[in-house]
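So you can see what is in the structure, the chains are spelled out below.
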Amino acid sequence: GENVEQHPSTLSVQEGDSAVIKCTYSDSASNYFPWYKQELGKRPQLIIDIRSNVGEKKDQRIAVTLNKTAKHFSLHITETQPEDSAVYFCAASDSGGYQKVTFGTGTKLQVIP
Amino acid sequence: EAQVTQNPRYLITVTGKKLTVTCSQNMNHEYMSWYRQDPGLGLRQIYYSMNVEVTDKGDVPEGYKVSRKEKRNFPLILESPSPNQTSLYFCASTENTGELFFGEGSRLTVL
């Protein structure tokens, strides 16, 4: 089955700096790669996703890049703000997200004001 | 308001006492799934369902059962709970965009 590894497990950055979280996956059939943000005590919520036919996607201060050859994808957050502090999960799916979805173990991001 | 509703939100039970966590969505989504969240392990998929009467195992199905008799409901059943099933459980639904809409979570403690 799919295996998703996520690094780092914790990340502290100064407000205004950039943050990068990296994930690798094992199943070359995976075609959908979402990123979820989970604030303390809340449910995970989708912040951005990318499909295997696209190499990069951007939405304001967040961007995701995908390297299918190397089987890795990354989340980039620029100009970090205190409200970006949360746990971020990457995931991979071979069914567009409808069936099997495998999550990484999460990255706790702390943005220091 | 579009939502996924789970009940109960908190539950403390004892080993072996059958329990059901209900999940209901009002978005007419075909796909539903259950996850457990444990520190350091992230979210792990327990079961998923593509439609009424169609369910399949995720990565950690042992000790759990599900049923999908109606499109809107997808209950998670623990026939004989054990302490290693103490966890935070999330139900989710999705349409063909792939985005998972999670419920608020159910924190289960098995003594």
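Refer to the preceding data block for the structure.
Residues numbered from 1 in each chain as written. Chains lettered and ligands numbered in written order. Predicted model: local features only at pLDDT ≥ 70, side-chain atom pairs only at ≥ 80, totals over all residues. Heavy atoms only, no water.

### Looking at the overall build of chain B
Definition in use: Helix and strand assignments come from DSSP, with helices taken as H or I runs of at least 4 residues and strands as E runs of at least 2, each series counted from the N terminus. Here the globule rule reads 2.2 Å times residues to the power 0.38, and the radius of gyration is calculated from C-alpha atoms.
Check the secondary structure of chain B and you find zero helices and eleven strands. Seen in sequence order, chain B has helices and strands lined up from the N terminus as β-β-β-β-β-β-β-β-β-β-β. Radius of gyration (C-alpha) of chain B: 13 Å, near the 13 Å computed for a compact globule of 111 residues. Principal-axis analysis of the C-alpha atoms gives chain B an extent of 40 × 25 × 25 Å.

### Details of the state of the cysteines
In plain terms, the rule: By convention in this document, the label disulfide applies to cysteine sulfur atom pairs within 2.5 Å. Burial here depends on accessible area, computed with a 1.4 Å probe over protein chains only, as a share of the maximum for the residue type. Under 20% is buried, over 50% is exposed, and the range in between is partly exposed.
Within the structure shown, the criterion is met by two disulfides over all chains. Residue pairing for A:Cys23: its cysteine sulfur links by disulfide to A:Cys90, the two sulfurs lying 2.0 Å apart. A torsion of -100° about the S-S bond marks the disulfide between A:Cys23 and A:Cys90 as left-handed. Of the two residues, A:Cys23 is situated in strand β3 (residues 19-25) and A:Cys90 in strand β9 (residues 86-93); the sequence distance between them amounts to 67 residues. Residue A:Cys23 is classed as buried on the basis of its relative accessible area, which comes to 1%. Accessibility expressed as a relative area gives 0% for A:Cys90, which makes it buried. The disulfide partner of B:Cys23 is B:Cys91, and the gap between their sulfur atoms is 1.8 Å.

### Considering the pattern of salt bridges
Which entries qualify depends on this criterion: Any carboxyl oxygen of Asp or Glu within 4 Å of a side-chain nitrogen of Lys or Arg constitutes a salt bridge here.
In this structure the tally under the stated criterion is nine salt bridges over all chains. Here A:Arg61 ties to A:Asp84 by a salt bridge, and the two come within 2.9 Å at their closest N and O atoms. Highlighted residues: A:Arg61 in the loop between β6 (56-59) and β7 (62-67) and A:Asp84 in the loop between β8 (72-77) and β9, separated in sequence by 23 residues. Residue A:Asp84 is classed as buried on the basis of its relative accessible area, which comes to 6%. Here A:Lys100 ties to B:Asp59 by a salt bridge, and the two come within 3.3 Å at their closest N and O atoms. Taken as a pair, A:Lys100 in the loop between β9 and β10 (101-103) and B:Asp59 in the loop between β6 (54-57) and β7 (65-66) lie in two separate chains rather than in one. Several salt bridges share partner residues, and in doing so they unite A:Arg43, B:Arg9 and B:Glu104 into one network.

### Section: the interface of chain A and chain B
Note on interface size: it is often stated as the accessible area lost on association of the parts. Selection rule: Working rule for contacts: check all heavy atoms of both residues, and any pair within 4.5 Å makes them a contact. Whenever two N or O atoms come within 3.5 Å, that pair is a polar contact, provided that in protein one can donate a hydrogen and the other can accept it, and provided that, for residues adjacent in sequence, both atoms are side-chain atoms. Each residue gets one of three labels, nonpolar for Ala, Val, Leu, Ile, Met, Phe, Trp, Tyr, Cys and Pro, charged for Asp, Glu, Lys and Arg, and polar for the others, Gly among them.
Contacts between the two partners involve 20 residues from chain A and, on the opposite side, 25 residues from chain B. The interface formed by chain A and chain B contains two salt bridges. Close ionic contact of B:Glu104 with A:Arg43 constitutes a salt bridge, the shortest N to O distance being 3.6 Å. Where chain A meets chain B, there are seven residue pairs in polar contact (both at pLDDT 80 or more). At the level of elements, β4 (32-38), β5 (45-51) and β10 of chain A are the ones that each hand at least two residues to the side of chain A that touches chain B. When its residues are assigned to classes, the side of chain A that touches chain B shows eight nonpolar, seven polar and five charged.

### Looking at the sheet that holds β7(A)
Residue and element names in this part refer to chain A. For clarity, the threshold we go by: A strand pair is defined by DSSP finding two or more bridges across the two strands. Axis definition: a line fitted to C-alpha atoms, limited for helices to the stretch in contact. Angles are taken between N-to-C directions and run from 0 to 180 degrees.
Ordered by their spatial adjacency, five strands build an open sheet running β1-β3-β8-β7-β6, and the pairing between neighbours is antiparallel. With one partner strand each, in any of the chains shown, β1 (4-7) and β6 form the two edges of the open sheet. In this sheet, neighbouring strand axes are inclined to one another by 15° on average, regardless of whether the strands run parallel or antiparallel. Sheet topology places β3 next to β8; six bridges connect them, and they run antiparallel. Pairing of Cys23 across the sheet is with Phe73, part of β8.

### Description of the environment of B:Pro61
All names here are of chain B. With respect to the helices and strands, the residue Pro61 is situated in the loop between β6 and β7. Note on Pro61: relative accessible area 8%, which makes it buried. In this structure, the C-alpha to C-alpha distance between Pro61 and Glu99, residues 38 residues apart in sequence, is 22 Å. If near-sequence neighbours (up to four positions away) are discounted, Pro61 is found in contact with Ile46 and Tyr47.

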